[in-house]
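The chain contents come next:
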Amino acid sequence: MTKRGRCLCGETRWEFEGAETWSCYCHCDDCRRNCAAPVVAWLGVPLRNFRWTAATPRSFASSKGVQRHFCATCGSPMGFEADHYEGGMHLYAASLEDPSDFAPTFHVNYQSKLPWLELRDDLPKYEGTLLHAPEDLADYKAG
């Protein structure tokens, strides 16, 4: 199965084959500020199954070993790669061609959730990142 996504203007596009490795909500300050959103929905895919299919995005080193990709034309956030998640591409779920296909399975950095954001899901909520998640998320830590 192939899933595709794009930016607001359509200049930057991506696709991947197969299933996601993981899907979650992130509440960390960096993700929120990057998207100007109260929470960010992510899906992770193996880099080997991923490719940019139109204009290559620009990248910003948001911290050591972290690259945030965005459309050079409209500025839409497109993806995230980090040395500590070697072999994985993190994609913004809202950039999917059909975002209704997204099914999150947990929250990360829940300790940073904004107090005015009300959530009513029963998904597991973890403090810290995937790297610091409990062992039941060990498969998610790999790309």
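Residues numbered from 1 in each chain as written. Predicted model: local features only at pLDDT ≥ 70, side-chain atom pairs only at ≥ 80, totals over all residues. Heavy atoms only, no water.

Trainee: Hey, could you run me through the pattern of salt bridges in this one?
Mentor: For side chains of opposite charge, pairing can occur when their charged atoms come near one another. If you walk through the whole model with that rule in mind, you get seven salt bridges. The partner of Arg-33 in a salt bridge is Asp-29, with the nearest N and O atoms 3.0 Å apart. Taken together, the residues Arg-33 and Asp-29, both in helix H1 (residues 29-35) and four residues apart, mark about one turn of the helix. For Arg-33, a relative accessible area of 64% puts it in the exposed group. (Salt bridge = Lys/Arg side-chain N within 4 Å of Asp/Glu carboxyl O. Helix = DSSP H or I, 4+ residues; strand = E, 2+ residues; numbered from the N terminus. Buried < 20%, exposed > 50% of the residue type's maximum accessible area, 1.4 Å probe, protein only.)

Trainee: Even after reading the chapter, I still don't get the packing of aromatic side chains, so can you show me in this structure?
Mentor: One pair of aromatic rings is described through two measures. These are the centre distance and the angle between the planes. Here the structure, examined in full by the defined rule, presents eight aromatic pairs. Between the aromatic rings of Trp-42 and Tyr-92, the centroid separation amounts to 4.1 Å while the plane-to-plane angle is 35°, which identifies the pairing as tilted. Here Tyr-92 lies in strand E9 (residues 88-92) and Trp-42 lies in strand E4 (residues 40-46), a separation of 50 residues in the sequence. The pair Trp-42 / Tyr-92 is uniform in exposure class, with both members buried. By way of ring pairs, the aromatic residues Trp-14, Phe-16, Phe-50 and Trp-52 are connected into one cluster. The cationic tip of Lys-125 hangs over the ring face of Tyr-110; the distance from NZ or CZ to the ring centre is 5.8 Å. (Phe/Tyr/Trp six-rings, centres within 6.5 Å; stacked < 30°, edge-to-face > 60°. Lys NZ or Arg CZ within 6 Å of the ring centre and 35° of its normal.)

Trainee: What is the right way to look at unusual backbone geometry in this model?
Mentor: A negative phi angle characterises most non-glycine residues, just as the trans form characterises most peptide bonds. Not every positive phi belongs to a glycine, and Ala-36 is a case in point at roughly 50°. Summarising the element assignment, Ala-36 is placed in the loop between H1 and E4. When its relative accessible area of 75% is taken as the criterion, Ala-36 is described as exposed. For Asn-109, which is not glycine, the phi torsion reads 55° and is therefore positive. Structurally, Asn-109 is set in the loop between strand E10 (106-108) and helix H2 (138-141). Since its relative accessible area comes to 7%, Asn-109 is described here as buried.

Trainee: I tried to follow the environment of Met-78 on my own but got confused; where do I start?
Mentor: Secondary-structure assignment places Met-78 in strand E8 (residues 77-82). Along the backbone, Met-78 and Leu-91 are 13 residues apart, and their C-alpha atoms lie at a distance of 6.2 Å. Setting aside its immediate chain neighbours within four residues, Met-78 contacts Arg-6, Cys-7, Thr-12, Trp-14, Trp-52, His-69, Phe-70, Cys-71, His-90, Leu-91 and Tyr-92. (Contact = heavy atoms within 4.5 Å.)

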